[in-house]
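Here's the letter readout for the chains.
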Amino acid sequence: EDQVTQSPEALRLQEGESSSLNCSYTVSGLRGLFWYRQDPGKGPEFLFTLYSAGEEKEKERLKATLTKKESFLHITAPKPEDSATYLCAVLNQAGTALIFGKGTTLSVSS
Amino acid sequence: KAGVTQTPRYLIKTRGQQVTLSCSPISGHRSVSWYQQTPGQGLQFLFEYFSETQRNKGNFPGRFSGRQFSNSRSEMNVSTLELGDSALYLCASSLDQGTTDTQYFGPGTRLTVL
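The text that follows walks through the structure, step by step, so that each part is easy to find. (Residues numbered from 1 in each chain as written. Chains lettered and ligands numbered in written order. Predicted model: local features only at pLDDT ≥ 70, side-chain atom pairs only at ≥ 80, totals over all residues. Heavy atoms only, no water.)

## A closer look at unusual backbone geometry
Each neighbour pair has its own omega, and for A:S7 with A:P8 the value is -10 degrees, a cis peptide bond. Tracing the chain through its elements places A:P8 in the loop between β1 (3-7) and β2 (10-14). Of note, the amide linkage connecting B:T7 to B:P8 takes the cis form, showing an omega dihedral of -10 degrees. As for its placement among the helices and strands, B:P8 is situated in the loop between β1 (5-7) and β2 (10-13). Located in the positive-phi region is B:E52, a residue other than glycine, with phi close to 65 degrees. Along the chain, the position of B:E52 falls in the loop between β5 (42-50) and β6 (53-57). B:E52 sits in the partly exposed class, given a relative accessible area of 48%. Here the phi dihedral of B:T80 falls at roughly 45 degrees; this positive angle occurs in a residue that is not glycine. The topology assignment puts B:T80 in the loop between β8 (74-78) and β9 (87-94). What makes B:T80 partly exposed here is its relative accessible area of 47%. (Helix = DSSP H or I, 4+ residues; strand = E, 2+ residues; numbered from the N terminus. Buried < 20%, exposed > 50% of the residue type's maximum accessible area, 1.4 Å probe, protein only.)

Put into structure tokens, the structure is as follows:
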């Protein structure tokens, strides 16, 4: 069964304190791995798509990497506005449905 | 380009009633997917529509149904509401050009069942 596990469930950082979020997955043929950011009461906001092991993508303070079993979302020198829930999802070979992890809730304090 | 829009944003219903939610995809997007988000289960796939046809379906009871119109707008319907149907219902659209298209989400409809 396809599965996505995110860790930690919650992460508290001080402003400027870099860290990484983990997304482990088992999937029958990976077509793509997606990172989204979700603020309370809002829909997920697209961040990155990764397609193959070794791929990396960056956007401002965020950098996503992909291996054959997991993905990391690195946050460099975070700011309070980076506080949100970060969701990881995979798309398998068979279908069009995203399979989501439960998310990591990040809190950044000044 | 305008993003995915969903109406209404909030709904309060009672058990046994039915509800219809609406989704307008990003202009030019042909695929529309629906997800249910709850604190306990997270985001779970309901179904996906493409060219007015349901192409994929998640593991939800038949009380959950949907449809897509010729302009790609989509509706989902939940009949005989139960307390456990209280959730944020999210719609996502994608281009679907035969590659791994990114799904872009709307703001969601918050459904509360009393």
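On we go from here.
## Digging into the sheet that holds β1(A)
All names here are of chain A. The strand order across the open sheet formed by 5 strands is β1-β3-β8-β7-β6, and the pairing between neighbours is antiparallel. The sheet terminates laterally at β1 and β6 (56-59), the two strands that pair on one side only. Averaged over all pairs of adjacent strands, the angle between their axes in this sheet comes to 15 degrees, without regard to strand direction. Here strand β7 (residues 62-66) pairs with strand β8 (residues 70-75) via 5 bridges, running antiparallel. When the sheet's bridge partners are listed, K63 is paired in β8 with H74. (Pairing = 2+ DSSP bridges. Axes fitted to C-alpha atoms, helices over the stretch in contact; angles between N-to-C directions.)

## Description of the interface of chain B and chain A
One widely used convention gives an interface's size as the accessible area the parts lose upon coming together. Between chain B and chain A, the contact holds 22 residues from the first and 20 residues from the second. Taking both sides of the interface into account, the surface hidden between chain B and chain A amounts to around 1,600 Å²; carbon and sulfur atoms contribute 54%. Scanning the region where chain B abuts chain A turns up 0 salt bridges. Taken together, the elements giving at least two residues each to the side of chain B that touches chain A come down to β4 (31-38), β5, β6, β9 and β10 (104-105) of chain B. Looking at the side of chain B that touches chain A element by element, the count peaks at 4 residues for β5(B). Here the side of chain B that touches chain A is composed, by residue class, of 8 nonpolar, 10 polar and 4 charged. (Contact = heavy atoms within 4.5 Å. Buried area = accessible area lost by both parts, 1.4 Å probe. Salt bridge = Lys/Arg side-chain N within 4 Å of Asp/Glu carboxyl O. Nonpolar A, V, L, I, M, F, W, Y, C, P; charged D, E, K, R; others polar.)

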